[in-house]
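# Fold and geometry: a report
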Amino acid sequence: MRSDFVVVLTAALLFDTFWRTNGEHTSPDPCRPGFSQSFYSVQISRDILQGQGVVKGTTVSSQKVKFDDCMGNEAVVFQSTDPVFSVRTDGSIFAKGDGARLDGPVQFKVTARGPHTNVWETVVQMALIDLSSSGQNENEVTEEEGSISEQNEKKHAFQAPPPAIMFPGSRMNRTRGLRRQKRDWVIPPINVAENSRGPFPQMLVSIRSDQDQDISIRYSITGVGADQPPNEVFSIDPMLGKMFVTKPLDREHRSSYHLRAHAVDMNGNQVENPIDLYIFVIDMNDNRPEFKNQVYNGSVDEGSKPGTYVMHLSAFDADDNTTANGMVRYRILSQTPHSPIPNMFTINSETGDIMTVAPGLDREKVSQYTIIVQATDMEGNLNFGLSNTATAIITVTDINDNPPMLTSRTFSGEVQENTVDAVVANLTVIDADQPHSPNWNAIYRIISGDPTGHFTIRTDPISNDGMVTVVKPVDFEMNRSFMLTVVVSNQAHLASGIQSSLQSTAGVTISVKDVNEPPYFPTNPKQIRFEEGVPTGTSLTTFSASDPDRLQMQQMIRYSKLNDPANWLSINRTSGQIVTTGMLDRESVYVKNNIYEATFLASDNGFPAASGTGTLQIYLIDINDNPPALVPRESQICERMNKNVNGVNITAADADTDPNAGPFVFELPNFPSSIRRNWTIARISGDYARLSLRYQVYLEPGMYEVPIIVSDSGNPPLSNRSVIKVKVCPCDENGDCTTLGAVAAAGLGTGAIISILICIIILLCMVLLFVVWIKRREKERQTKQLLIDPEDDVRDNILKYDEEGGGEEDQDYDLSQLQQPDSLEHIITKPPGVRRVDERPIIPESQYPIRPVVPHPGDIGDFIHEGLRAADNDPTAPPYDSLLVFDYEGSGSTAGSVSSLNSSSTGDQDYDYLNDWGPRFKKLADMYGGGDDD
């Protein structure tokens, strides 16, 4: 037994050795870009450490990461996931910073990026070794490594035992005391192939301590896959230290495991320091490439050159993409249709880009291709790789490679003169491009023959035809035909290299047809000026029309009146002379803004006859023919003038306009003389004056009519005598008429006011008497209701109001118990002397007195008393203090007699207090409060 703790690797894993050995002896393949290995285990000598860390820029190991992109590794960049260590372009591993420590194994990922966006990855693990110590342990490792190589060379002639891992550490030598601490050995990772078929548990490695010869040691493992989820993937024999894998591993689920091995004695005391175990799952080709979609859609323009990019397909393989298991290659299996050749497209085997490989794409011949693409892993090896397929649908998009062509070189049409917005010719076109696209939509242009713009060509959106439309009226007398030159093009420009066709141009002949055009008035509307009031028969003007049909000289024009609101005008039938038939009045309601309008009709004798209208506007000049009128016609004023009270402001209204209207002149007439004696007019402005009482003049309250003469400013002026009604009333200090004063001013004297009040009082008394009479009438009506006919006596009649039976839910009950029995047998058979008070006795009914036919008012009292006496003596009538029988409820009763209930009172009760409750309880007091009298 050696005193130092060593790590002896008896052998590498057989599967890993077999894999590498096969890789060394296989025949060389064509250059495959990427790293030479998916995992590199690098051992670093402690001699490179200076102090406690690695110096910046130091190459940590002579081992290199081998990479080849098959293009000379130009512009290849390596990137590391570790912040301290990285890889140079030559593959050497170096430290990027000072003081990098290697207290334990370091593992990081290295990524290589090429100039064509390709990416490759590998994993590098580094650990320290001590090259200065030599001895049997190192010799054993070397010998075992040589043994492994020899076994690989012999192709596993015999099964090597699993590797044994010793716990490194230090302990006290019993004979020599302390010895130098042995430096840690690097524990190589344990490789396990995924999807192993077992049998399970399958032994991976044996872990032991060199102290197991002295004491009993128990081994255990911790970490993900042991005591952490997923649990129990790995197990260890606690006594022998053999570690097992208990189930198949799946690299796609988890690619590596990090466990820690522990050694303790039987008391649980730690014997050795824990060691780290790294278990890597070796990838197997157990996943097919999977396309994201089963159908991919792409497009390419027709006429595209070879090498034109079309679309991209990609498949994902869950296996390790740094190995052949995850390297996918693509190829095209089939193309449908095969026109013009079977191989119109190719696919990049590595990227999945589809490109054109031959010319001849023509949408008009083949508009769509269907391509079946196969993705195979193992770098496309069909013998060992797994495959999957997807469909690529390539649509050939249209380009404008077919110019539109008119179906004829000449087109013709005709149009009637003066027609607008009518289609006169239809141009048909043929275009082989995709319908209803900019490459197919036609645009028509008139390049000659229509300098004044009478026509335009619109495109039918459905048929793509050109519709020649007249947009400006044509005149037969000016142009009898048009020769148009039309060119057609597409909405989109023609593709490069495509020339316009000669059939894109055509001539269009448009013939103009003559029609009978209506006469027209050259000046419409025609305006003239005249003074109002011209006498009847005055000739105003000649309103004549012209006939545009100059070539038809035999046509004649006749005139008539179409609209003359005031019937002031007439027109000569042949000459069109306008003559007045009434006096023109500017103030008429038919005149708007001093203008009177009349409409006339001009008709020819063509076939068919045509007519046109014209409007005559007469501007009427005002003359002074309307006298002014006083405004307002009524007002009020205080009975006494004072400095705080003004008079009445007056003005005038004149239907004429300036200068025949204002300013106005207001003056009082000389007769009667009382007008000028009591009133005065003061001028305020040209159109306003103030009427007021003279100073110190007092008028009784009342209504006064004051005549005023108003004159306008016409030449000669017109005057008008107008009367204004002025109410004179007492005023308060503010100059406002008081209420009593307003009444008095209205013309009512004191006697009239008293008369009105008396009438109001009389009216109220009549209303009160009428209400009293209505009340007495109502009371008498209620009293007379007792005097009714014998046949209307309610005692002798049964009034049936309604019969209510049970509802739908009551139909299942026996209702016979609620009905009056047909026989009285149960009553007759009762013993004599025993009778219920609510049953009707079986004896003849009493006879009630009969009212006389003609009752006398004095007999009413006697009749009532006799009826009451007969009812009291009638044994068949229920007494007032008994129960009334409303309906029969069946014979007998299951309930006991009420008399069986005993009073809870144990002694005599004194009911004398009932006498103090008032007259309503007198009957009850007589029955129970009698005391010893009972």
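The residue count restarts for each chain, going from 1 along the sequence in the order it is written. Since the coordinates come from a predicted model, pLDDT governs what is reported: local features require at least 70, and pairs of side-chain atoms require 80 or more to be given and counted, while whole-chain, interface and lining totals use all residues. Excluding hydrogens and water, the side-chain figures rest on all heavy atoms present in the structure.

Nonpolar cores were defined as sets of buried Ala, Val, Leu, Ile, Met, Phe, Trp, Tyr and Cys residues, with membership established by side-chain atoms within 4.5 Å. For every residue, the accessible area (1.4 Å probe, protein chains only) is compared with the maximum for its type, and the residue is labelled buried under 20%, exposed over 50%, or partly exposed between those bounds. Counting 26 residues, the largest nonpolar core has Phe234, Met243 and Leu277 as the members making the most contacts within it. The set of elements that each furnish at least two residues to this core consists of strand E11 (190-193), strand E12 (202-208), strand E13 (217-223), strand E14 (234-236), strand E15 (242-245), strand E16 (256-265) and strand E17 (270-282). Ranked by the residues each element gives to this core, the list is headed by E17, at 5 residues. Every residue pair with non-hydrogen atoms within 4.5 Å of one another is taken to be in contact. With sequence-adjacent residues up to four places away left out, Leu277 is seen in contact with Ile165, Ile187, Ile207, Met243, Tyr257, His258, Leu259 and Ala261. Listed in part, the 24 residues of the second largest apolar core include Val328, Leu361, Tyr369 and Val373. Each helix corresponds to a stretch of at least 4 residues labelled H or I by DSSP, and each strand to a stretch of at least 2 residues labelled E; elements are numbered beginning at the N terminus.

Paired strands, in this sense, are two strands between which DSSP finds at least two bridges. Strand order in the open sheet formed by 3 strands is E20-E24-E23, and the pairing between neighbours is antiparallel. A strand with exactly one partner marks an edge of an open sheet, and here the two such strands are strand E20 (309-312) and strand E23 (345-347). Geometrically, the sheet is characterised by an average inter-axis angle of 25 degrees between neighbouring strands, direction not taken into account. Direction of pairing for E20 relative to strand E24 (residues 353-356): antiparallel, over a ladder of 3 bridges. Opposite Met311, over in E24, you have Ile354 as the bridge partner. Working convention: axes come from line fits to C-alpha atoms, limited for helices to the stretch in contact. Angles between N-to-C directions cover 0 to 180 degrees.

Quick look at the state of the cysteines now. The definition used for a disulfide is geometric: two cysteine sulfur atoms within 2.5 Å. A full pass over the atoms with the stated rule returns 1 disulfide. The disulfide partner of Cys638 is Cys731, and the gap between their sulfur atoms is 1.9 Å. Between Cys638 and Cys731, the disulfide has an S-S torsion of -105 degrees and is therefore left-handed. Separated by 93 residues along the polypeptide, Cys638 in strand E44 (residues 634-638) and Cys731 in the loop between strand E50 (719-729) and helix H4 (739-745) bring together distant segments of the chain. Accessibility expressed as a relative area gives 24% for Cys731, which makes it partly exposed.

Our next topic: the packing of aromatic side chains. Remark: the centre distance and the inter-plane angle together describe each pair of aromatic rings, the angle taken between the planes. Here a Phe, Tyr or Trp ring, Trp counted by its six-membered ring, pairs with any other such ring whose centre lies within 6.5 Å, and the pair is stacked when the planes are under 30 degrees apart, edge-to-face when over 60, and tilted otherwise. Summed over all chains, the structure comprises 15 aromatic pairs. Taking 5.0 Å as the distance between ring centres and 55 degrees as the angle between the ring planes, the aromatic pair formed by Phe35 and Phe67 counts as tilted. In this pair, Phe35 is assigned in strand E1 (residues 34-35) and Phe67 in strand E4 (residues 67-68), connecting sequence segments 32 residues apart. An identical accessibility class is assigned to Phe35 and Phe67; each is buried. When the ring of Trp568 is compared with that of Tyr596, the centres are 4.7 Å apart and the planes differ by 35 degrees; the resulting orientation is tilted. On the criterion of sequence distance, the pair formed by Trp568 in the loop between strand E38 (557-563) and strand E39 (569-571) and Tyr596 in strand E41 (residues 595-604) is long-range, its members being 28 residues apart. For the residue pair Trp568 and Tyr596, the accessibility class agrees, reading buried in each case.

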